[in-house]
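Topology and contacts: notes
Given next are the chains, with one letter for each unit.
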Amino acid sequence: MFTGIIKDVGRVQGLSRQKGGLRLRVRHSGAESLEGLSVDESVSINGACQTVVRVEAHSFEVDTVEETLKKTSLGDLHEGSLVNLERALRPIDRLGGHFVLGHVDCTAPVSSVRDLGSSREISVTFPEAFSPLIVSAGSITIDGVSLTVARLDGLRFTVALIPYTFAHTTLNALVAGSRVNLEFDILGKYVARQTGSGVSQADGSVISEAWLQERGF
Ligand SMILES: Cc1cc2nc3c(=O)[nH]c(=O)nc-3n(C[C@H](O)[C@H](O)[C@H](O)CO)c2cc1C
Ligand SMILES: Nc1c(NC[C@H](O)[C@H](O)[C@H](O)CO)[nH]c(=O)[nH]c1=O
């Protein structure tokens, strides 16, 4: 489990196709936050939880399987790509963000980026199936970063990036058309399951058992 507070931005140093997926090598800054990283630890790479299988000074490797490549944008990475990194949450940590599982729900396109001087607004269009899982002023994870939903207009939500997040994550590189990893808040998923079958939503849609099962909730 993670919190969506990114502690380091790494760089993809190597990618090799292998049977059943991809071996990904990521170089990190050597920052204190990644000190002592060990094999079998979970690391969030752009929001997707991955298991470390090899560690060297300032770099580590993970095996990304086909299922993950299908559901996330990790397959778009190339040598030199920058990635948001977060180690798994220790129960003694402060929960600065929200509970992030590292299970990317879907990828979605950035529909617009608006520069507002000291902040930047990013809007993303998401698949209709996930609309019961997002609320204005709730939390959402984009590429592993915990953010607050500033506005929700139908199937488009907007987040406001503060200068710190802009400087310390890869979200500063997003442009209209970029594909991002989304994880909807786990709270909504449990509520959806609890109230589950056949409950009508404000917009008239219905959460059915089949809907929940299709998404593995
Ligand atoms: C603890 C944990 C470890 C995971 N390790 C890997 C991994 O090493 N490789 C991988 O491709 N997917 C892994 N996944 C699944 C991956 O995060 C998931 O397929 C994507 O986030 C899409 O939902 C892991 C998931 C969890 C929760
Ligand atoms: N909730 C918002 C944040 N939160 C902080 C970021 O998650 C954090 O700065 C990042 O993970 C780097 O450590 N940041 C925003 O820009 N906008 C939000 O709504």
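Only a predicted model underlies this, so the values are computations on that prediction, with no experimental measurement involved.

**Side note on the UniProt feature "domain: Lumazine-binding" (unreviewed entry) in the protein**
The feature "domain: Lumazine-binding" (unreviewed entry), as given by UniProt, occupies residues 1–98 and 99–195 in the numbering adopted here. The span residues 1–98 is 6% helical and 45% strand by assignment, and the distance between its end C-alpha atoms comes to 10 Å. Summarising residues 99–195: 16% helix, 42% strand, and an end-to-end C-alpha distance of 21 Å.

**Observations regarding the side chain of Ser-81**
Positionally, Ser-81 belongs in the loop between helix 1 (66–71) and strand 6 (82–87). A residue is classified by how much of its surface remains accessible, and Ser-81, at 10% relative accessible area, is buried.

**A closer look at the confidence of the model for the protein**
Fine structural detail should not be taken from predicted coordinates in areas where pLDDT scores are low. Model confidence for the protein is summarised by a mean pLDDT of 91, while 91% of its residues fall at 70 or above. Residue range residues 197–204 is modelled with pLDDT below 50. Its contacts to residues more than four positions away, or to other chains, number 14 contacts.

**Structural notes on the site of ligand 1**
Near ligand 1, the surroundings consist of 14 residues, among which Cys-49, Asp-63, Val-65, Thr-68 and Val-104 are the closest. In the environment of ligand 1, an oxygen atom lies 2.7 Å from a nitrogen or oxygen atom belonging to the backbone of Cys-49. Between ligand 1 and the protein, one listed contact pairs an oxygen atom with a backbone N or O atom of Gly-102 at 3.0 Å. Burial of ligand 1 by the protein chains amounts to 76% of its free accessible area of 550 Å². Breaking the shell around ligand 1 down by element, the ones donating at least two residues are strand 4 (48–56), strand 5 (59–65) and helix 1. At four residues, strand 4 tops the list of elements feeding residues into the shell around ligand 1. The class makeup of the residues in the shell around ligand 1 is four nonpolar, eight polar and two charged.

**Re the nonpolar core**
Counting 24 residues, the largest nonpolar core has Val-124, Ile-140, Ile-142, Leu-147, Phe-157, Leu-182 and Phe-184 as its most contacted members. Mapped by element, the contributors of at least two residues to this core are strand 7 (106–115), strand 8 (120–125), strand 9 (139–142), strand 10 (145–153), strand 11 (156–161) and strand 12 (179–184). The next biggest cluster of nonpolar side chains, apart from the first, holds 18 residues, and it includes Val-12, Leu-34, Leu-69 and Val-83.

**A few points about the pairing of strand 3 (residues 42–45)**
Bridge analysis of strand 3 against strand 4 gives four bridges, and the strand direction is antiparallel. Looking at the pairing, Ser-44 lines up with Cys-49 of strand 4. Connecting the antiparallel pair strand 3 and strand 4 is a turn made up of two residues, with Asn-46 showing a positive phi of about 50°. Summarising the sheet, strand 3 and strand 6 pair through three bridges and their orientation is antiparallel. The residue of strand 6 that forms the bridge with Ile-45 is Leu-85.

The rules behind each value
Residues numbered from 1 in each chain as written. Chains lettered and ligands numbered in written order. Predicted model: local features only at pLDDT ≥ 70, side-chain atom pairs only at ≥ 80, totals over all residues. Heavy atoms only, no water. UniProt positions renumbered as here; feature names shortened; annotations may be inferred. Helix = DSSP H or I, 4+ residues; strand = E, 2+ residues; numbered from the N terminus. Buried < 20%, exposed > 50% of the residue type's maximum accessible area, 1.4 Å probe, protein only. pLDDT = per-residue confidence, 0-100. Contact = heavy atoms within 4.5 Å. Near = heavy atom within 4 Å. Polar contact = N/O pair within 3.5 Å; in protein donor to acceptor, adjacent residues only side chain to side chain. Areas by Shrake-Rupley, 256 points an atom, 1.4 Å probe, with all protein chains shown as cover. Nonpolar A, V, L, I, M, F, W, Y, C, P; charged D, E, K, R; others polar. Core = buried A, V, L, I, M, F, W, Y, C linked by side-chain atoms within 4.5 Å. Pairing = 2+ DSSP bridges.

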